[in-house]
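Fold and geometry: a report
Listed below are the residues making up each chain.
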Amino acid sequence: VQLAESGGGFVQAWASLRLSCTGSGRTLSMYAMGWFRQPPGKEREFVASISWGGGRTYYADPVKGRSTIPRDNAKNTVYLQMNNLKSEDTAVYYCSVDSFAYRQEEPVTTDIRSWGQGTQVTVSS
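For the structure given in this document, a descriptive report is provided here. (Residues numbered from 1 in each chain as written. Predicted model: local features only at pLDDT ≥ 70, side-chain atom pairs only at ≥ 80, totals over all residues. Heavy atoms only, no water.)

**Notes on the side chain of glutamate 5**
We count it as follows: Comment: elements are numbered from the N terminus, with helices defined as DSSP H or I runs of at least four residues and strands as E runs of at least two. Exposure classes here rest on a 1.4 Å probe applied to the protein chains alone. A residue is buried below 20% of its type maximum, exposed above 50%, and partly exposed in between. Just so you know, the count uses Lys and Arg for positive and Asp and Glu for negative, and it drops His and the chain ends. The term salt bridge refers to a side-chain nitrogen of Lys or Arg lying within 4 Å of a carboxyl oxygen of Asp or Glu. Any pair of N or O atoms that falls within 3.5 Å is considered a polar contact. Within protein, one atom must be able to donate a hydrogen and the other to accept it, and sequence-neighbouring residues count only if both atoms are side-chain atoms.
With respect to the helices and strands, glutamate 5 occurs in strand β1 (residues 2-6). Buried within the structure, glutamate 5 lacks any salt-bridge partner; arginine 44 is the closest side chain of opposite charge, at an N-O distance of 7.7 Å. A polar contact is formed between the side chain of glutamate 5 and the backbone nitrogen of glutamine 117, at a distance of 3.1 Å. Within the local environment of glutamate 5, its side chain forms a polar contact with the backbone nitrogen of glycine 118, the two atoms lying 2.5 Å apart.

**With respect to the environment of leucine 28**
One can find leucine 28 in the loop between β3 (17-24) and β4 (33-38). The spatial distance from the C-alpha of leucine 28 to the C-alpha of alanine 101 is 9.5 Å, given a sequence separation of 73 residues.

**Focus: unusual backbone geometry**
Despite not being glycine, tryptophan 14 shows a phi value in the positive range, around 80°. Locating tryptophan 14 in the fold gives a position in the loop between β2 (9-12) and β3. Take tryptophan 14: its relative accessible area is 64%, and that puts it in the exposed class. Positive phi, normally seen in glycine, also occurs at asparagine 84, with a value near 50°. By secondary structure assignment, the location of asparagine 84 is in the loop between β9 (77-82) and β10 (91-98). Classification of asparagine 84 as partly exposed rests on a relative accessible area of 36%.

Without other data, these values stay purely geometric and don't point to any function.
Here it is as C-alpha cells:
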C-alpha cells in the first residue's frame, strides 16, 4: 500500500490544520489507521489512531481535546484535524496503517505495517 499525505505547512499559533492521508493499492478499511509525528531532534511519537470502523480512537495527551481523527473508508482516507496549534506541535507528521483492525490501547511504532512519507507542520509563535 502507498500512503499519500497532504495538508502540512507553515501556520501561526492558535490556527487549525487538517492533514489528509489517502491510501492506494490496497483497501485500508480493514485496518486501524493513525498519525505519528517526529519533532526536530526527537523520536517518532504517537499522535492519534482510529479503529477500522471508527468506533475506537486514541489520542496522545499533548493533543487530546484539540484534535480529532476521522476516517472515510469509501475514500480510503484518514484525516487529522488539529486546532489551537502550538509551537510544540512542530514536527513531521506520518500517516500509519496498523497491523490490526483495532487495539485495546494506543499503538507503538512496531505495531505499524505501513508508513506515509511524512508531511512537515511548522507552527510559528
